[in-house]
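# Per-entry structural report
Listed below, chain by chain, are the residues.
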Amino acid sequence: MSKHIEHTISMCLGSSCFSNGNQVLLEQVKTFLKDHNLDDTVQLKGSLCQGRCKDGPSIVIDTESYIHVSPKSLNTILIKHLLKSGAPVE
């Protein structure tokens, strides 16, 4: 059975974002996807530097960019973006 991808999450794994916390955020995203049975509908990709080192950690969900992401803000972003329809998180 093939996956039906509805969302794509791209996480910057460049050295600056990674050292500023994206390694923790990566595990948080994986756990969130598993806990909400979204593994088959969300594609999780790592990327090298996204060119926003001073704004990291950063992630992109579909076409929305999020900067200065913390574990608390990431949970809010994932809930609002992946579980509910409506306006993207600012």
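In this text, all values refer to a predicted model and were calculated from it rather than measured experimentally. (Residues numbered from 1 in each chain as written. Predicted model: local features only at pLDDT ≥ 70, side-chain atom pairs only at ≥ 80, totals over all residues. Heavy atoms only, no water.)

Looking only at helices and strands, the chain has two helices and four strands in total. Along the chain, helices and strands appear, N-terminal first, in the series β-α-β-β-β-α. A compact globule built from 90 residues would reach a C-alpha radius of gyration of about 12 Å, and the chain, at 12 Å, matches this within 12%. On the principal axes, the C-alpha backbone points of the chain span a range of 40 × 30 × 20 Å. For the chain, the proportion of its 90 residues judged to be buried stands at 38%. Pairs at least 24 residues apart make up 64% of the contacts formed inside the chain by residues separated by at least 6 positions. (Helix = DSSP H or I, 4+ residues; strand = E, 2+ residues; numbered from the N terminus. Rg over C-alpha atoms; globule rule 2.2 N^0.38 Å. Buried < 20%, exposed > 50% of the residue type's maximum accessible area, 1.4 Å probe, protein only. Contact = heavy atoms within 4.5 Å.)

Here we come to the nonpolar core. Core analysis: the biggest nonpolar cluster contains 17 residues, and Ile9, Ile61, Leu78 and Leu82 have the highest contact counts within it. Every element with two or more residues in this core is listed here: strand E1 (7–12), helix H1 (15–35), strand E3 (59–61) and helix H2 (71–83). Among the elements that take part in this core, H1 stands out by supplying five residues, more than any other. (Core = buried A, V, L, I, M, F, W, Y, C linked by side-chain atoms within 4.5 Å.)

Inspection of the entire model under this criterion finds one salt bridge. Here glutamate 27 makes a salt bridge to lysine 30, at a shortest N to O gap of 3.7 Å. Taken together, the residues span about one helical turn, with glutamate 27 and lysine 30 both in helix H1 at a distance of three residues. Classification of lysine 30 by relative accessible area gives partly exposed; the value is 40%. (Salt bridge = Lys/Arg side-chain N within 4 Å of Asp/Glu carboxyl O.)

So, about the sheet that holds strand E4 (residues 64–66). The strand order across the open sheet formed by four strands is E2-E1-E3-E4, and the pairing between neighbours is mixed. The open sheet has two edge strands, strand E2 (42–47) and E4, and neither has a second partner. If you compare each strand with its neighbour and ignore which way they point, the axes differ by 20° on average. Relative to E2, E1 runs parallel, the two sharing six bridges. Each bridged residue has a counterpart across the sheet, and for methionine 11 the counterpart in E2 is glycine 46. Taken strand by strand, H1 contacts E1, E2 and E3, and its axis lies near 155° from that of E1. Each of E1, E2, E3 and E4 touches H2; the most contacted strand, E3, lies at about 15° to it. (Pairing = 2+ DSSP bridges. Axes fitted to C-alpha atoms, helices over the stretch in contact; angles between N-to-C directions.)

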